[in-house]
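Survey of secondary and tertiary structure
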Amino acid sequence: MVPFRFFVFSLAVYSAIPALFSGVVAGSTALYQGIILSCIQAVGVAVIFRQKSSRLAFTLLILLVLIVAGISIAGDVFFFMMFLMKLYPGPLLAVTFSLVYRFARRSDFANLSRGLNILILVLGSYSILLVLLQLENAAYGSKEVFGSAAFLLGIYEGLSYIPALVLLIIHRGGSEANVLSISGRIIFQYQDITDLFTSLEQEILRQYVSKASGRIHCRDLSRLTSGAEYCKNSGTCKASRCPAYAVIYRSINSLSKKLETMGIGSVVPPENKREIIVKGWSINQCKGVKITNKPQSTFFAGLIPAKIECGSRQPAISGLPSAWFFRFQRGLPFAVALGGAVLISAELFVYSSLPDLVFLFWVCAEIFLLLISLIFRKHRFQKTAMVFSFLGIIFLPFFLVAWIPEISAVMFSLKNCAVFTILQLSRIPLLEIDHDPKRLRELISSAVFWLIWFYMTALIAIELPIPAIAGRLSLVFDVLDRLLLVWLLSSAVVFYSLRPKILTLIDGELLFENRRLVSGLSHANKRILQQFISSQDGILLCRDISKLLDDGRDICGDDDCKPSMCRRYQSLYKRIQILRCYLETTGIGTIISPERKPESYTQGWRFSAYENVIIRRSQKTLISLQTEILSNVVD
Amino acid sequence: MHKYPAKAAVFLVIQTLCAMIAAFFFFTHRDVSAQLNTGTLIVWALLGIQNESLAIHDQRGNIYISTIEAVFFAAYLSGGVLAAFVCITATVLFSFRVQDGTIRHALSKPFRLTLFNHTHFIVALLVVDTIFKWLVRITGGLLVLPAFLTAPVFFMVSCFLNALFYYFEEDRDFMNYLIRVFRPFYMDALIASSGAIIISLTYPRYGILSSLFFITPIIMARLTFLERVS
């Protein structure tokens, strides 16, 4: 995709060159700074190139920034590297969001747009703030500051978030409902949906976008149905007597239904159906949907995953996370609470000389307040505990104003709020909160943005009294502050993007989001679905399913089986189609057919859960299923 | 001619009298000369006008969503009661909205609504000023903590007076209206109000420029929201 590559190249130049220029202008010592900044920006851009196929690149970028920030603490020689810490959080988060975007699906686009808005707001405001600070320096500061390299660096710093902003705004544009017809493929919201349509339906869509009139005519399509000879005398054509028209009419109907299901629109005949030959059909697009083939719309098509499976959605590579993942998720809130309390207490210990008893009280109160909402997580006092915890965490630092400056109390209060918010956001994936998730989302939506903004402004614009005793440790806490901010922003973005959903298999029952799932399926289909989900690799061969349905009897004795000649295969194929449709509609995942359909006999069908679907299976369930199958075989 | 409810008229008169007394108190206060900074007054007046003019119309409740209470409180923290008073007056008189292709401003609205809008903010300012000063005194001269505690009061008093006014004028259920107005927006309004504290912290160094630390995200949020709605 040339436009995408061109854009990324321009981004790299924009990001890297000014840093280098600023370094050269600033002098010999800052030259290193400029070079390193350029490298970091270039690596950031490289990540955007690689994100299509690798998460490793993103991890490497984070590591690079952390290492460089770590070096900056090492000694006075690298003191100028403090500047690097101001690189948070724009480019990093733009890349984060790109990754999240990649895995987002149609149903999550509303949330995704909200998340993008938060990022755009934060980065836009932050850029303006940084530029304003430089202008303030120019207006009120000394002449040495104005016109110096520091000023140039400052302006660059303010403008360095523009690429990230552009990236995010384009992403948000991409979340609009555009249907693109490009080089034989049909793309809806940057997902390839060509395989959902028959060849005739694809051609109808292509005809529609290629014509300026925006109408589909029967005679343009008839050549595809071997019915061109019927259209020789178009003046006297009667649709009701034309076999080609009948084929096209059926395709148009089918296409219309598919477009309606996907929320794109519907195919509309003229008011007087007798005029169908002359006037043709048009597509009534849903609000906000554009059907186009404009090449500029392919700008971010490079973000489409390399291989689209089964057309409609992008499934996870593996939808079955390991046990440690659940343990990690379950333990994360406790780690956040304890880690946050320890770090904030350590900072307080460094910055102030509190009496031992007061400090001890602080540590205990901090840990207690952060943990209380976790302790009461399944209790009827949960909401009360959360409100108590929230208010306590905000006002606790103000009890120390006898020993610390008020402004420091504000900062500690902000840090507490940040830790509390991260804690709550990390709990949400576990669905352990009894609140209505939608209501919780609405409540958190603005609160997170304002918190991020205040924290960011406080770090940049408020001058904190730092005691001499703090020494170099203040640098450590500076880094921690920025990391906390990045974590908060990342949590917020993930919170707005893909909400994890839990599929549970307990005692032969499938629960999705704590609701019984298989009530709409026949008994046989239910068993196939359970078998798919319970199998470790999610693969079932044609023979396996046949055994399951025939009470363990293997009727597929012939190894040279030809599915096209097998009635059993035809029946199973229909069942798989029903299950696939069911899984996709409910948002669980999909069933992937082998590339060549006859290979289902040897390669089998593969169940794949979507990226945000977590599957929980009890060992008991697996054993009971296996026992059931074995008993069927024995019988 | 439609008969205007007597209890609503009495309420408006009482509120107007309270606002006049408050205004008299503000202008005759001994600190008022120290607050007379023309630049600050103009900046806050302009910020108030633009904030209210960019208010978002919510069709579900036929109400306008804005963070104007937060702006008034920020003006109060940075410029004192005089700046807040000027900000309120300028906002009510000069803010305008484009709705359905027509411009709505103070002169095109019914007078009683303009009067209510102006006076209820003044009364809320009086309450906030009283509570803030009392809190500063009992906390031994702290500023941020009292500001933090007082910030939500402006929004709450404003909601309370609105509910009371519609209760008298249209016989609407007081608690129902209060909850309907308060519940969806209290988190935004409270946090945005608390954000005014940023100004109190940055004002000593950045002067009136500190208002931009607060206003910038509001404008950005408003523009983003408007774009999304459109």
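Residues numbered from 1 in each chain as written. Chains lettered and ligands numbered in written order. Predicted model: local features only at pLDDT ≥ 70, side-chain atom pairs only at ≥ 80, totals over all residues. Heavy atoms only, no water.

1. Thoughts on the overall build of chain B
Looking only at helices and strands, one finds nine helices and four strands in chain B. Order of helices (α) and strands (β) in chain B, N terminus to C terminus: α-α-α-β-β-α-β-β-α-α-α-α-α. Looking at the 230 residues of chain B, the share that counts as buried comes to 53%. Within chain B, residue pairs in contact and separated by at least 24 positions form 70% of the contacts whose partners lie at least 6 positions apart. (Helix = DSSP H or I, 4+ residues; strand = E, 2+ residues; numbered from the N terminus. Buried < 20%, exposed > 50% of the residue type's maximum accessible area, 1.4 Å probe, protein only. Contact = heavy atoms within 4.5 Å.)

2. Some words on the sheet that holds strand E11 (residues 539–540) of chain A
Residues and elements named next belong to chain A. On the basis of which strands lie adjacent, the open sheet formed by three strands has the order E11-E13-E12 and antiparallel pairing. Each edge of the open sheet carries a strand with a single partner, namely E11 and strand E12 (589–592). Pairing geometry for E11 and strand E13 (residues 605–609), over two bridges, is antiparallel. The residue of E13 that forms the bridge with Leu540 is Trp605. Running at roughly 155° to E12, helix H21 (residues 567–586) makes contact with E12 and E13 of the sheet. (Pairing = 2+ DSSP bridges. Axes fitted to C-alpha atoms, helices over the stretch in contact; angles between N-to-C directions.)

3. Re the packing of aromatic side chains
For any two aromatic rings, the description comes down to two numbers: the centre-to-centre distance and the angle of the planes. All names here are of chain B. Applying the stated criterion to the full structure yields 20 aromatic pairs over all chains. Considering the side-chain rings of Phe11 and Phe165, the 6.2 Å spacing of their centres and the 35° angle between planes classify their relative orientation as tilted. A residue pair is termed long-range when its members are at least 10 positions apart, and Phe11 in helix H1 (residues 6–28) and Phe165 in helix H6 (residues 144–170) qualify at 154 residues. Exposure remark for Phe165: the relative accessible area of 0% places this residue in the buried category. Put simply, the rings of Phe11, Phe116, Phe165, Tyr166, Tyr167 and Phe168 pair up and form one aromatic cluster. Against the face of Tyr167 rests Lys7, its NZ or CZ located 5.9 Å from the ring centre. (Phe/Tyr/Trp six-rings, centres within 6.5 Å; stacked < 30°, edge-to-face > 60°. Lys NZ or Arg CZ within 6 Å of the ring centre and 35° of its normal.)

4. Focus: the pattern of salt bridges
In total, this model carries four salt bridges over all chains according to the counting rule given. The closest approach of N and O atoms between A:Lys415 and A:Glu347, which form a salt bridge, is 3.3 Å. With a gap of 68 residues between them, A:Lys415 in helix H16 (residues 406–427) and A:Glu347 in helix H13 (residues 323–351) connect regions that are remote in the sequence. Measuring nitrogen to oxygen at the nearest pair gives 2.4 Å for the salt bridge that ties B:Arg112 to B:Glu169. Pair noted here: B:Arg112 is in helix H5 (residues 111–138) and B:Glu169 is in helix H6, with a separation of 57 residues, a long-range link. With relative accessibility at 30%, the residue B:Arg112 sits in the partly exposed group. Here the residues in one salt-bridge network are A:Glu347, A:Lys415 and A:Asp481, joined through shared partners. (Salt bridge = Lys/Arg side-chain N within 4 Å of Asp/Glu carboxyl O.)

5. Observations regarding the confidence of the model for chain A
All names here are of chain A. On average, residues of chain A score 69 in pLDDT, and 51% of them reach the 70 mark or higher. Note on residues 295–321: pLDDT under 50 across the span, and 78 contacts to partners over four residues away in sequence or across chains. Note that residues 625–635 has pLDDT below 50 and, in this model, eleven contacts with residues that lie over four places away or in other chains. (pLDDT = per-residue confidence, 0-100.)

6. Topic: the environment of A:Leu485
When you line up the elements, A:Leu485 lands in helix H18 (residues 473–497). Linking A:Leu485 and A:Tyr455, residues 30 residues apart in sequence, is a C-alpha distance of 7.5 Å.

7. A short note on the side chain of A:Lys415
All names here are of chain A. A relative accessible area of 3% places Lys415 in the buried class. Here the side chain of Lys415 touches Asp481 through a polar contact of 2.7 Å, side chain to side chain. With residues up to four places along the chain from it excluded, the contact list for Lys415 reads Ile344, Glu347, Tyr455, Asp481 and Leu484. (Polar contact = N/O pair within 3.5 Å; in protein donor to acceptor, adjacent residues only side chain to side chain.)

8. A closer look at the sheet that holds strand E5 (residues 265–268) of chain A
Residues and elements named next belong to chain A. Pairing is antiparallel in the open sheet, where three strands are placed in the order E4-E6-E5. In this open sheet, the two strands that pair with only one neighbour each are strand E4 (215–216) and E5. As judged from the four bridges shared by E5 and strand E6 (residues 281–285), these two strands associate in the antiparallel manner. Within the sheet, the bridge partner assigned to Val267 lies in E6 and is Ile283.

9. Quick look at helix H4 (residues 68–94) of chain B
Residue and element names in this part refer to chain B. Its 27 residues place the ends of H4 only 14 Å apart at the C-alpha level, less than the 39 Å of an ideal helix rising 1.5 Å per residue. Largest kink in H4: about 140°, centred on Gly79. Along H4, 24 of the 27 residues are buried, which leaves the element largely enclosed by surrounding structure. (Expected span 1.5 Å × (residues − 1). Bend = angle between axes of the 7 residues up to and from the residue.)

10. Here's the deal with the packing of helix H19 (residues 523–534) of chain A against H21(A)
Residues and elements named next belong to chain A. Remark: H19 packs on H21, axes separated minimally by 10 Å, with the N-to-C direction vectors making an angle of 70°. Compared by their axis directions, H19 and H21 come out roughly perpendicular. Read as a crossing pair, H19 and H21 show a hand that is right-handed. Contacts between H19 and H21 involve Ala524, Asn525, Ile528, Leu529 and Phe532 from the former and Arg575, Ile576, Ile578, Leu579 and Leu583 from the latter. (Parallel < 35°, antiparallel > 145°, perpendicular 65-115°, else oblique. Left-handed = near helix turned anticlockwise from the far one by under 90°.)

11. Describing the environment of A:Ile367
Residue and element names in this part refer to chain A. One can find Ile367 in helix H14 (residues 356–375). When the C-alpha positions of Ile367 and Leu338 are compared, they lie 6.4 Å apart, and in sequence the two are 29 residues distant. For Ile367, the contacting residues outside a window of four places in its chain are Leu338 and Ala341.

12. So, a nonpolar patch on the surface
Residues and elements named next belong to chain A. Side chains of Val387, Phe390 and Leu391 sit close together on the surface and give an oily, nonpolar patch of about 250 Å² of accessible area. Note on placement: Leu391 falls in helix H15 (residues 382–395). With a relative accessible area of 42%, Leu391 lands in the partly exposed category. (Patch = residues over 30% accessible without salt bridge, like charges linked within 9 Å, V, L, I, M, F, W, Y side chains within 5 Å. Areas by Shrake-Rupley, 256 points an atom, 1.4 Å probe, with all protein chains shown as cover.)

13. Some remarks on the packing of H5(B) against H6(B)
Residues and elements named next belong to chain B. Relative orientation of the contacting elements H5 and H6 amounts to 150°, with a least axis distance of 9 Å. Handedness of the H5/H6 crossing: right-handed. Grouping the constituent residues of the contact of H5 with H6 by class yields 20 nonpolar, four polar and two charged. (Nonpolar A, V, L, I, M, F, W, Y, C, P; charged D, E, K, R; others polar.)

14. A short note on the nonpolar core
Of all hydrophobic cores here, the largest spans 133 residues; its most connected members are A:Ile452, B:Trp44, B:Phe73, B:Tyr76 and B:Phe154. Broken down by element, the residue count for this core peaks at 16 residues, all from H4(B). Once residues lying within four places of it in the same chain are set aside, the contact partners of B:Phe154 are B:Glu69, B:Phe72, B:Phe73, B:Ile88, B:Phe121, B:Ala124, B:Leu125 and B:Val128. The next biggest cluster of nonpolar side chains, apart from the first, holds 31 residues, and it includes A:Leu521, A:Cys542, A:Leu572 and A:Ile588. (Core = buried A, V, L, I, M, F, W, Y, C linked by side-chain atoms within 4.5 Å.)

15. Some points on H16(A)
Along its 22 residues, H16(A) runs 32 Å from first to last C-alpha, staying within 8% of the 32 Å computed at 1.5 Å per residue. Buried residues dominate H16(A), accounting for 22 of its 22 residues.

16. Topic: the confidence of the model for chain B
Keep in mind that low pLDDT regions are not for reading the predicted coordinates in detail. Residue and element names in this part refer to chain B. Taken residue by residue, chain B gives an average pLDDT of 79. The fraction at 70 or more is 81%. Confidence, expressed as mean pLDDT per element, reaches its minimum in chain B at strand E2 (residues 63–65) with 60 and its maximum at H5 with 90. Interface predicted TM-score (ipTM) for the complex: 0.81; the corresponding pTM is 0.68.

17. Here we look at the environment of A:Pro333
Residues and elements named next belong to chain A. By the secondary structure assignment, Pro333 is in helix H13. Pro333 sits in the buried class, given a relative accessible area of 2%. Residues Pro333 and Ile422, 89 residues apart in the sequence, show an inter-C-alpha distance of 8.4 Å.

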